[in-house]
Amino acid sequence: MSQSVSAPSPAPAATTPPGSRLSLTFALREMRGGLGGFFVFIACIALGVMAIAGVNSFAASLANGLAREGRVILGGDAAFSLIQREATEAERATLAAEGQMSVAATLRAVSRTADGRTALVEIKAVDGAYPLYGAVATEPAMPLPDLFAQRDGAYGVAVDAALLARLDLKTGARLTVGSATIELRAVLASEPDKYAGGIGFGPRMLMSEAALRATGLVQPGSLIRWYYRLKLPGETVSDAAVDAMIARANAAQPDAGWEVRSRANASPQLERNVERFTQYLTMVGLTALLVGGVGVANAVRAHLDRRRDVIATFKSLGASGSRVFAIYFAQVMMLAVVGSIPGLILGAALPYLIAYAFGAIIPLPIAPSISAPDLALSFLYGLLTAAAFALWPLGRAHDIPASALFRGALGGEQRFPRCGYIVATVIVVALLAGLAILLSYDRRIAAVFVAAAALVFVGLRLVAMLVMWLAAKAPHPRATGLRLALANIHRPGALTPSVVLSLGLGLSLLVTVIQVDGNLRKQFMDSLPDKAPAFYFLDIRNTETERFDAFVRDQAPQANLDRVPMLRGRIVAVNDIRAEDLKPAAQAAWVLQSDRGITYGDDIPQGSRIVAGEWWPKDYAGEPLVSLEQRIAEGLGVGIGDRLTVNALGRNVTARIANLRTVDWQSLGINFVLVFSPNTFRGAPHTHIATLTYPGGESGDREMTLLRQLADAFPNITTVRVRDAIEAVGELVTNLILGIRGASGITLVAAMLVLGGALAAGHRQRVYDAVILKTLGATRARLIGAYALEYAMLGFATAVFGILAGSAAAAVIVTQIMKLEFAWLPGSAALVALGAIVVTVVLGLLGTWSALGHKPAPVLRNL
Amino acid sequence: MTNPSGALPAGDAAIALSGLNLSLGRGAARVHILKDVNLEIGRGEAVGLVGPSGSGKSTLLMVMAGLERADTGTVRVAGEDLTRLDEDALARFRGRHIGIVFQSFHLIPTMTALENVAVPLELAGHADAFDRAAKELALVGLGERQHHYPTQLSGGEQQRVALARALAPNPAILIADEPTGNLDEATGRQIVDLMFAGHRERGTTLVLVTHDPALAARCGRTVRLRSGQVEAGAPAAAPAGTARATALA
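From a predicted model like this one, the values you see are computed outputs, not experimental measurements.

Quick look at the overall build of chain B
Here comes step 1: When its secondary structure is counted, chain B shows seven helices and 10 strands.
Here comes step 2: Burial statistics for chain B: of 249 residues in total, 55% are counted as buried.
Here comes step 3: When contacts within chain B are restricted to residue pairs at least 6 apart in sequence, long-range pairs at least 24 apart make up 70% of them.

Okay, here's the thing in structure tokens:
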């Protein structure tokens with residue numbers, strides 16, 4: 001804090017405030033010199049609070065968007081969806097009786113240009129009542145009846161601009177989808193119910209129901225999802241009325257097997273993803289706050305060091321240790337408030353900025369809003385962090401002796417603070433950790449994060465102790481520079497602990513992000529596994545399987561074709577307990593949330609291994625049996641002999657669990673959670689799914705040729721090129737990584753600030769050393785060399801730890817949370833190590849440079 | 001001006017030290033600073049502590065002010081056995097009974113002259129802290145500079161503020177550690193005059209450490225320390241009318 005004060009102050013009040021108010025008064029007087037010395041403190045708290053407030057506000061804006069736009073996102077007050085079949089007349093009548101109904105169908109299909117180029121499209125076919133809520137925007141704008149009208153033998157559609165770009169077409173161009181001719185009449189700018197269906201692999205094509213039927217793709221068992229959305233009568237319809245209507249419809253059609261959503265849970269999957277994403281960001285935000293906490297601790301220590309004389313003076317004038325603590329604690333909390341305010345403002349503004357800058361490209365309904373509870377929580381985090389990291393050094397201030405005034409600085413004693421302060425620190429840290437865990441989406445992950453953070457703290461403390469011990473025990477070198485560097489590392493009051501902690505935390509996070517990032521990229525964007533298929537073929541009709549097999553074998557004789565029957569089915573009961581009444585573990589919950597692909601077969605599927613029970617014999621004809629993936633079975637709490645009821649094609653089928661399998665999902669082959677004995681579905685109308693794998697990996701040219709030939713010969717079969725699908729997922733992953741990188745960036749800025757602050761804290765000592773050594777004949781170059789060596793040694797030791805800790809954290813995240821294989825990336829690790837050394841040396845020397853510039857005489861006079 | 005809140009019990013010595021030993025540092029670096037010091041200072045007495053550097057003068061002063069604890073021996077100051085008081089009780093004791101003037105002034109740089117003087121009064125809970133502080137400042141001739149910060153004051157003015165601060169609670173004992181050490185001769189003389197005026201007018205017991213023989217000579221008695229011990233045969237020129245003033249060593 002600058003101590004120059006330019007003008008006399010006004011007269012204070014004539015009365016003396018009592019107790020805690022007196023501490024506050026003294027604290028305020030102490031801050032008159034300005035906040036200059038607290039830049040790092042304030043910036044650390046501001047960045048940490050901004051990260052937390054920003055993440056929370058963004059999440060709240062998304063939740064708000066989801067809630068407010070529920071019926072628009074859903075496309076109605078309630079939606080009933082069926083897969084592979086349309087609603088029966090009776091079902092339609094039941095629904096239509098409740099309000100205005102709109103029918104929509106979604107499916108994947110291949111579109112072909114006249115010259116044979118193909119592109120996968122996500123079709124949405126709608127009826128005349130669409131949309132019940134919201135509006136479709138097209139470019140050029142046109143009413144939907146005009147857009148969809150059949151003209152000159154072609155049905156009009158609106159498509160994503162991406163399709164035009166991919167096929168190099170303009171509006172007005174014609175395509176074929178199945179056996180229908182399609183005219184691209186407009187670009188689809190927005191569709192109100194875009195988010196309800198999840199993320200697709202291809203560009204959207206919005207067409208009429210008539211056009212869909214004209215394609216010939218609507219066949220029994222085709223993978224088409226039919227939505228029946230209802231708008232209930234009346235201006236204001238309560239959620240209770242919607243729920244009551246759903247209950248009536250379910251009671252009237254108990255065997256419909258439809259999936260029902262109300263506007264209150266328009267897109268649970270999206271909500272879940274938003275929550276999960278928010279949690280990861282929150283963890284990164286908490287790391288920023290944690291790193292900031294180290295800055296707080298350093299700043300408080302440096303501040304108290306500067307104020308030793310004042311503290312001793314207070315004591316010599318009758319202030320107790322508790323009073324001294326109260327004065328400086330009040331100061332720290334006031335500074336925390338000062339730092340939190342810009343953090344809260346920026347954090348609250350973040351959703352507005354994101355919506356303004358990226359609203360058009362983020363596939364999420366952001367409704368920016370100020371969420372007071374979230375901001376209050378972020379504020380609380382900021383105050384708790386400041387308290388958690390300041391209590392320890394403040395506790396030490398309690399015991400700064402007044403005799404310091406007579407004897408000069410006694411040096412930084414490393415005593416523990418009194419018991420009360422240790423207990424208070426533990427309580428505040430526990431509160432902080434408890435809050436982080438309690439408020440998280442997945443408490444297990446949050447607890448792991450808290451434990452990991454604690455481990456990293458302890459680890460860095462040990463690294464600092466080890467480095468100091470090694471420096472102290474190292475043989476005394478003859479080179480003055482090296483000797484000075486080693487002495488600086490281990491002398492009492494050395495910067496080693498604070499530099500190692502500040503740099504180490506930032507580095508650990510950086511390594512984690514880089515390794516996770518690199519692994520995801522490797523997984524989604526680099527080479528596919530050798531055995532990965534080149535294509536998936538969907539909707540191969542039962543009647544054309546033999547012709548399809550022959551065609552593919554003829555066109556791609558060297559490739560391996562794997563084809564299995566494919567239905568969609570939803571688990572509706574386990575051992576006669578309804579799915580909605582089950583309490584599955586987190587790893588299995590997704591299986592119950594929607595319909596899943598199911599198959600049947602005589603043989604154990606490739607990539608599967610039986611771990612319990614027996615596979616059924618060929619030509620088995622007994623009660624229906626099912627094979628279940630092992631982890632899902634564990635999550636659902638079922639085993640061999642238990643009964644699963646699945647609704648497929650509108651009827652409920654109950655099968656006994658005959659065996660459990662492990663599945664290698666990463667092979668990208670055809671794998672199913674549920675595989676039934678063939679007698680379960682034989683004769684039911686369904687389609688097949690197939691994969692085609694080229695030995696020795698992918699080959700762009702022959703893939704594209706086959707794609708064209710297949711589209712010509714089998715217009716109804718949807719071909720998904722695996723590389724395209726992976727790229728679509730990869731794009732999504734890239735966006736997620738961008739979000740995480742943004743939050744991590746804040747943490748890194750905080751880490752740099754903290755490191756800079758930690759290095760600056762040693763400035764006074766540096767000036768002293770430099771002046772004494774210069775007096776004794778040391779040149780600047782020699783001093784810089786010694787300091788650079790010291791910083792490089794610290795940077796290196798910390799980098800080694802950061803790489804170890806960060807890689808371990810990344811390995812846990814990739815293998816345990818993302819369930820992917822982890823590959824350590826040595827190149828990026830080496831780069832981080834190098835970067836750490838460079839940053840430490842540069843930041844260190846920046847501070848030292850001015851120390852070297854001091855003329856010896858004035859400093860010596862004031863020593 | 002008569003005392004005051006910090007009045008001593010009648011007939012008791014202001015300061016009584018006996019069998020005092022104190023060592024500082026640890027292990028091989030431990031230094032035995034005060035060795036079997038016995039000293040009694042009467043109420044209202046002015047005592048100069050003199051001796052070469054490192055003889056233990058400042059340490060002895062700190063023990064008297066309750067800023068340093070003796071390893072052995074008894075320390076009775078203003079009727080209170082300081083060895084029995086904990087850290088906080090010692091702080092409160094200082095606030096009530098002891099005023100300290102430092103060589104380096106030790107004003108709080110972020111507070112005005114008035115606020116600096118008011119601090120001990122505020123800490124002691126006086127409701128009229130600022131009125132009393134203003135009067136004290138006027139007494140040291142700084143009535144017009146109350147609202148100036150230490151950096152806006154000269155060295156002599158700063159020491160006058162420090163003296164006003166030390167005297168503001170009307171302490172029974174005023175201790176000063178080389179109060180003129182950082183001042184030029186003329187300014188130093190002003191400060192000393194003010195200090196002795198306070199001692200005289202308020203009956204405050206004055207103990208000061210100095211290297212200046214002239215200043216030591218103004219004290220009623222001089223106690224000489226050498227290697228942590230009170231030198232035998234130190235002149236005991238206690239002014240008439242004060243209580244016993246004996247160097248017991």
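From this point, the discussion proceeds with the structure in view.
Quick notes on the overall build of chain A
Here comes step 1: If you tally the helices and strands in chain A, you get 26 helices and 22 strands.
Here comes step 2: Going through the 863 residues of chain A one by one, you find that 47% of them count as buried.
Here comes step 3: The contacts of chain A with a sequence gap of at least 6 include a subset with a gap of at least 24, amounting to 86%.

With respect to the domain arrangement of chain A
Residue and element names in this part refer to chain A.
Here comes step 1: Along its sequence, chain A is carved into domain 1 (25-69 + 276-441), domain 2 (73-265), domain 3 (457-528 + 719-863) and domain 4 (535-697).
Here comes step 2: The interface of domain 3 with domain 4 comprises five residues on the first partner and six residues on the second.
Here comes step 3: Sorting elements by how many residues they give to the side of domain 3 that touches domain 4 places strand S22 (residues 718-721) first, with three residues.
Here comes step 4: Classifying every residue of the side of domain 3 that touches domain 4 by side-chain character gives two nonpolar, one polar and two charged.

Considering the sheet that holds strand S4 (residues 72-77) of chain B
Hydrogen bonds between backbone atoms are what pair the strands of a sheet, whose relative direction is either parallel or antiparallel.
All names here are of chain B.
Here comes step 1: Spatial strand order, S2-S1-S4-S5: four strands in an open sheet with antiparallel pairing. Strands at the two margins of the open sheet, each flanked by one partner only, are strand S2 (31-41) and strand S5 (80-81).
Here comes step 2: Judged from the seven bridges that link them, strand S1 (residues 15-24) and S2 form a sheet pairing that is antiparallel. The partner of Leu 24 across the bridge, within S2, is Val 31.

Brief notes about the interface of chain A and chain B
One frequent convention defines the size of an interface as the accessible area lost when the parts assemble.
Here comes step 1: Facing 32 residues of chain A, the contacting portion of chain B comprises 35 residues.
Here comes step 2: Taken together, the elements giving at least two residues each to the side of chain A that touches chain B come down to helix H1 (19-30), helix H10 (308-316), helix H11 (321-358) and helix H13 (404-407) of chain A.
Here comes step 3: Among the elements that make up the side of chain A that touches chain B, the one with the highest residue count is H10 of chain A (five residues).
Here comes step 4: Here the side of chain A that touches chain B is composed, by residue class, of 14 nonpolar, 13 polar and five charged.

As for unusual backbone geometry
Here comes step 1: The residue after Tyr 130 of chain A, namely Pro 131 of chain A, is reached through a cis peptide bond having omega -10°.
Here comes step 2: Backbone torsion omega between Glu 139 of chain A and Pro 140 of chain A reads 0°, so that peptide bond is classified as cis.
Here comes step 3: Within the secondary structure, Pro 140 of chain A sits in the loop between strand S4 (137-139) and helix H5 (144-148).
Here comes step 4: A positive phi angle is found at Asp 36 of chain B, which is not glycine, with a value near 45°.
Here comes step 5: Locating Asp 36 of chain B in the fold gives a position in strand S2.
Here comes step 6: With a phi angle near 50°, Ala 78 of chain B is a residue other than glycine that sits in the positive phi range.
Here comes step 7: By the element assignment, Ala 78 of chain B lies in the loop between S4 and S5.

Concerning helix H24 (residues 780-817) of chain A
Within an α-helix, residues lying three or four positions from one another point in the same direction, as the helix has 3.6 residues per turn.
Here comes step 1: Taking 1.5 Å of rise per residue, 38 residues should cover 56 Å, and H24 of chain A covers 52 Å from first to last C-alpha, within 8% of that figure.
Here comes step 2: Just past H24 of chain A, the residue Lys 819 of chain A takes up positive phi, approximately 55°.

A look at the confidence of the model for chain B
Residue and element names in this part refer to chain B.
Here comes step 1: Residues with a pLDDT of 70 or more make up 88% of chain B, whose mean pLDDT is 84.
Here comes step 2: Within chain B, strand S8 (residues 205-209) carries the highest mean pLDDT (94), whereas helix H2 (residues 87-97) carries the lowest (84).
Here comes step 3: Every residue in residues 1-8 scores below 50 in pLDDT, and together they form 25 contacts with partners more than four places removed in sequence or on other chains.
Here comes step 4: A low-confidence stretch, residues 234-249 (pLDDT under 50), is modelled with 44 contacts involving residues beyond four sequence positions or located in other chains.
Here comes step 5: Two numbers describe this predicted complex: its pTM, 0.70, and its ipTM, 0.75.

Re the packing of helix H14 (residues 419-438) of chain A against helix H15 (residues 443-473) of chain A
The description of two helices packed together rests on the angle between their axes and the distance between the axes.
Residues and elements named next belong to chain A.
Here comes step 1: Where H14 contacts H15, the axes come no closer than 8 Å and their chain directions differ by 150°. When the interaxial angle is binned, H14 and H15 end up roughly antiparallel. Contacts between H14 and H15 involve Ala 433, Ala 436 and Ile 437 from the former and Arg 443, Ala 446, Ala 447 and Val 450 from the latter.
Here comes step 2: Of the residues belonging to the contact of H14 with H15, the class tally is six nonpolar, no polar and one charged.

Side note on the environment of Asn 542 of chain A
Here comes step 1: Relative to the assigned elements, Asn 542 of chain A resides in the loop between strand S12 (535-541) and helix H18 (545-555).
Here comes step 2: As a C-alpha pair, Asn 542 of chain A and Pro 565 of chain A span 23 residues in sequence and 8.4 Å in three-dimensional space.

A closer look at the pairing of strand S3 (residues 46-50) of chain B
All names here are of chain B.
Here comes step 1: Buried residues dominate S3, accounting for five of its five residues.
Here comes step 2: Two elements, S3 and S8, share four bridges in a ladder whose sense is parallel. Bridged to Val 47 within S8 is Val 207.
Here comes step 3: When S3 meets strand S9 (residues 221-226), the two strands line up parallel, connected through four bridges. Residue pairing for S9: Val 50 is matched across the bridge by Arg 224.

Points about the pairing of S8 of chain B
Here comes step 1: Burial analysis of S8 of chain B places five of its five residues in the buried class, which makes it a mostly covered element.
Here comes step 2: Side chains of S8 of chain B alternate between two faces, with Thr 205, Val 207 and Val 209 of chain B and Leu 206 and Leu 208 of chain B buried alike.

Some thoughts on the confidence of the model for chain A
Low-pLDDT portions of the prediction should not be read for the details of their coordinates.
Residue and element names in this part refer to chain A.
Here comes step 1: Scored by pLDDT, chain A comes out at a mean of 82, with 89% of its residues at no less than 70.
Here comes step 2: Mean pLDDT across the secondary structure elements of chain A bottoms out at helix H26 (residues 856-862), with 56, and peaks at strand S6 (residues 154-159), with 94.
Here comes step 3: Note that residues 1-16 has pLDDT below 50 and, in this model, 33 contacts with residues that lie over four places away or in other chains.

Details of the packing of H15 of chain A against H24 of chain A
Residue and element names in this part refer to chain A.
Here comes step 1: Following both chains from N to C, one finds H15 and H24 inclined at 160°, their axes separated by 10 Å at the closest point. With respect to H24, the element H15 is oriented roughly antiparallel. Here the hand of the crossing between H15 and H24 comes out right-handed. Contact with H15, carried on its side by Ile 445, Ala 452, Val 456, Gly 459, Leu 460, Val 463 and Val 467, involves Leu 794, Ala 797, Thr 798, Phe 801, Ala 805, Ala 809 and Ile 817 of H24 and no other residues of that element.

Things to note about the sheet that holds strand S7 (residues 173-177) of chain B
Residue and element names in this part refer to chain B.
Here comes step 1: A sheet is described by the order of its strands in space; here six strands give the open sequence S6-S7-S8-S3-S9-S10, paired in mixed fashion. Of all strands in the sheet, those with a lone pairing partner are strand S6 (98-101) and strand S10 (229-230), marking the two edges.
Here comes step 2: Relative to S7, helix H6 (residues 185-202) is tilted by about 160°, and along the sheet it contacts S3, S7 and S8.

Observations concerning the environment of Leu 636 of chain A
Residue and element names in this part refer to chain A.
Here comes step 1: Mapped onto the fold, Leu 636 is located in helix H20 (residues 630-636).
Here comes step 2: When the 25 C-beta atoms within 10 Å are taken as the criterion, Leu 636 is described as buried.
Here comes step 3: Separated by 51 residues in sequence, Leu 636 and Ala 585 have C-alpha atoms that sit 6.6 Å apart.
Here comes step 4: Excluding anything up to four places from it in sequence, Leu 636 contacts Val 574, Leu 582, Pro 584 and Ala 588.

Conventions and cut-offs
Residues numbered from 1 in each chain as written. Chains lettered and ligands numbered in written order. Predicted model: local features only at pLDDT ≥ 70, side-chain atom pairs only at ≥ 80, totals over all residues. Helix = DSSP H or I, 4+ residues; strand = E, 2+ residues; numbered from the N terminus. Buried ≥ 20, exposed ≤ 12 C-beta atoms within 10 Å, placed from the backbone. Contact = placed C-beta atoms within 7 Å. Domains from an automatic or database assignment. Nonpolar A, V, L, I, M, F, W, Y, C, P; charged D, E, K, R; others polar. Pairing = 2+ DSSP bridges. Expected span 1.5 Å × (residues − 1). pLDDT = per-residue confidence, 0-100. Axes fitted to C-alpha atoms, helices over the stretch in contact; angles between N-to-C directions. Parallel < 35°, antiparallel > 145°, perpendicular 65-115°, else oblique. Left-handed = near helix turned anticlockwise from the far one by under 90°.

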